[in-house]
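Results of the structural survey
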Amino acid sequence: MTAFITLLTNESYLPGVLTLGKALKHKYQSTYKLAILVNSDSLSKESAELIESVYDDIIDVGDKLIYSSVEEVDTKLGRPELAVTYSKVLLWSLTQYDTLIYLDADTLPLANLDHLFDEHKDLLSTQVVASPDAGWPDIFNSGVLILKPSTDTFTSLVKHIETEETPSFDGADQGLLNEFFNLKTKGSNWKRLPFVYNVTPNASYQYTPAFDRFAGDIKLVHFIGSVKPWNADFLLHGNYQAQASLYDVHKLWWSTFHEHFPGEIGAKILNVKGEGYSLKFGKNKNVWDDDADTSVGGSTGGITDEPIAPVFPWEEREKRHPTRTFTPPPYGEEASEEGEQDKLHDELKKSIETLNLKTSSGSKAGSLKDKYNIDSSEDNKWDPTASLNEIAQLPSKLLSKKREEESKK
Ligand code: UDP
Ligand code: GLC
Ligand code: MN
């Protein structure tokens, strides 16, 4: 048995898992099962019913959740809520499945992904398939994983957590899984999945010409960072100056959401009270912890209010507290029309091209020359947003103009 699987430990990620499930099953017609690890204690009856309407296998791991130190992940990533992501380790314990494709709740497929099961059927349970992380490509991003559950691997992972002095270099699952599958074995147990299967458009470093070159090939986008599309509708309205590509991929997420959860139902889902940022963490405990030990995982419980130094580039951005949307964004209705997502996909490509014209000189041969050729027409006034390349040429242009004037004297 094989399945796509995701993780939902609290309702803050509910819009994410519902949209992900609908995209896989209805938009891209997967023939595989959809499974989800949930903490059923954290779900209202309505939320549980919604999940049941989308997912085939609902696996309650409420009493099995694995936490790392909240304090450590807060210090290292500025994301205390990610302590619970150690629970991804439970994926290896699901031996009722032969192969699993794990997807974070904040991922959005842009194509059918079923072929990945065939392509990786010979994977070993000691191996994992994952895309390089945009922030450090020698490390894989743990938001998309292909894996083979196995009791041996699960036991080894738990042992790694219990016995290693620093089981995870980032304090959460990505640091843990990389230590285990990648660094411990000098990379030999990490099989590389192309980046197009886990594109992180809101990482602050973007290789724009490559984004442009491969925009049409993107199979999945992953909204990493503390601001998820469903709590960032400010990106779609008003004067918020988002990167063009980020704005467009957020629109893609919203159009998928509204396509499958139109009107009132969508508004209801967005209004679900998630824990999110406001969560006050107490001490977390793992199943194997000794009851008497209150210093488990190094967590002292509770987060300080002191600002945490950013670790990743995307942490440098202004932190925005999630806002809940009480009315569906205005384009919701039109976005639910058939073919809207493909249209948006094209728009994404187009806007990336525009962005490219503004920020690079070489990738669109001739286009900058056409656009900024000051001799070609009266209309071509100097544009302050022109490329650095063009600006770099200005002094020599001014100089030759000056020489010309001098020679006329
Ligand atoms: N997650 C969850 N509850 C939480 C935090 C995380 O269920 O409180 C799950 C969810 O599936 C999420 C994944 O863990 O997508 C990893 O967290 P996130 O995607 O926010 O990490 P990022 O990709 O931003 O680093
Ligand atoms: C990464 C991954 C995410 C993971 C987090 C913490 O950004 O996208 O899935 O939970 O790191 O390790
Ligand atoms: Mn994620």
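Look above for the structure.
These remarks concern the structure in this document. (Residues numbered from 1 in each chain as written. Chains lettered and ligands numbered in written order. Predicted model: local features only at pLDDT ≥ 70, side-chain atom pairs only at ≥ 80, totals over all residues. Heavy atoms only, no water.)

What follows is about the site of ligand 1. The environment of ligand 1 is made up of 18 residues, and the closest members are L7, T9, N10, Y13 and K228. Contact between ligand 1 and L7: an oxygen atom at 2.7 Å from a main-chain N or O atom of the residue. Note that an oxygen atom of ligand 1 is positioned 2.6 Å from one of the side-chain N or O atoms of Y13. A breakdown of the residues in the shell around ligand 1 according to their chemical character gives eight nonpolar, five polar and five charged. (Near = heavy atom within 4 Å. Polar contact = N/O pair within 3.5 Å; in protein donor to acceptor, adjacent residues only side chain to side chain. Nonpolar A, V, L, I, M, F, W, Y, C, P; charged D, E, K, R; others polar.)

A few words now on the site of ligand 2. Near ligand 2 lie 14 residues; those nearest to it are K88, D104, D170, D173 and Q174. With respect to ligand 2, the side chain of N141 contributes an N or O atom lying 3.3 Å from an oxygen atom. Between ligand 2 and Q174, the relevant distance is 2.9 Å, taken from an oxygen atom to a main-chain nitrogen or oxygen of the residue. Burial of ligand 2 by the protein chains amounts to 92% of its free accessible area of 310 Å². Class assignment for the residues of the shell around ligand 2 results in four nonpolar, six polar and four charged. (Areas by Shrake-Rupley, 256 points an atom, 1.4 Å probe, with all protein chains shown as cover.)

Take the nonpolar core next. Counting 48 residues, the largest nonpolar core has I51 and L103 as its most contacted members. It is helix 1 (residues 14-27) that contributes the most residues to this core, six residues altogether. Excluding residues within four positions of it along the chain, L103 makes contact with F4, I5, T6, L7, L20, L24, L113, G143, V144 and L220. The next biggest cluster of nonpolar side chains, apart from the first, holds 33 residues, and it includes I66, A130, F140 and I161. (Core = buried A, V, L, I, M, F, W, Y, C linked by side-chain atoms within 4.5 Å. Buried < 20%, exposed > 50% of the residue type's maximum accessible area, 1.4 Å probe, protein only. Helix = DSSP H or I, 4+ residues; strand = E, 2+ residues; numbered from the N terminus. Contact = heavy atoms within 4.5 Å.)

Looking now at the pairing of strand 9 (residues 144-147). The side-chain alternation of strand 9 yields two buried faces, one formed by V144 and I146 and the other by L145 and L147. In terms of strand pairing, strand 4 (residues 99-103) meets strand 9 through four bridges, oriented antiparallel. Bridge pairing in strand 9 places Y102 opposite L145. Pairing of strand 6 (residues 128-130) with strand 9, which is carried by two bridges, proceeds in the antiparallel orientation. From the neighbouring strand, V129 faces strand 9, where its bridge partner is I146. (Pairing = 2+ DSSP bridges.)

What follows covers helix 5 (residues 151-163). Along its 13 residues, helix 5 runs 18 Å from first to last C-alpha, staying within 8% of the 18 Å computed at 1.5 Å per residue. Here helix 5 has its buried residues at T153, F154, L157, V158, H160 and I161. Burial along helix 5 is one-sided: seen end-on, the buried residues are contained in an arc of 155°. The outward face of helix 5, more than 90 degrees from its buried face, is lined by the exposed residues D152, K159 and T163. Elements in contact with the buried residues of helix 5: helix 6 (173-183). Among the residues of helix 5, the N-terminal cap falls to S150, whose side-chain oxygen and the backbone nitrogen of D152 are separated by 3.3 Å. (Expected span 1.5 Å × (residues − 1). Arc of directions from axis to C-beta.)

Assignment of secondary structure puts Q127 in the loop between helix 4 (115-119) and strand 6. Under the relative-accessibility criterion, Q127 is labelled buried at 14%. Setting aside residues up to four positions removed in sequence, Q127 forms contacts with F181, S188, N189 and K191.

Pairing is mixed across the open sheet formed by seven strands, whose spatial order is 3-2-1-4-9-6-10. Strands with a single pairing partner mark the edges of an open sheet, and in this sheet they are strand 3 (57-60) and strand 10 (190-192). Each strand axis lies, on average, 25° off the axis of its neighbour in the sheet, ignoring direction. Pairing between strand 1 (residues 2-8) and strand 2 (residues 33-38): six bridges, direction parallel. (Axes fitted to C-alpha atoms, helices over the stretch in contact; angles between N-to-C directions.)

Following both chains from N to C, one finds helix 5 and helix 6 inclined at 115°, their axes separated by 11 Å at the closest point. With respect to the hand of their crossing, helix 5 and helix 6 are arranged in right-handed fashion. Residues T153, S156, L157, H160 and I161 of helix 5 touch helix 6, and the partners they reach there are L176, L177, E179, F180 and F181. Across the contact of helix 5 with helix 6, the residue classes break down as six nonpolar, three polar and one charged. (Left-handed = near helix turned anticlockwise from the far one by under 90°.)

Time to look at helix 2 (residues 45-54). Because an α-helix completes one turn every 3.6 residues, residues spaced three or four positions apart along the sequence face the same direction. For helix 2, the full list of buried residues reads S47, L50, I51 and V54. Down the axis of helix 2, the buried set is contained in an arc of 100°. They therefore lie on one face. Away from its buried face by more than 90 degrees, helix 2 exposes K45 and E52. Against strand 1, helix 1, strand 2, strand 3 and helix 9 (263-271) lie the buried residues of helix 2.

Take it as geometry only, folks, not as evidence of what the structure does.
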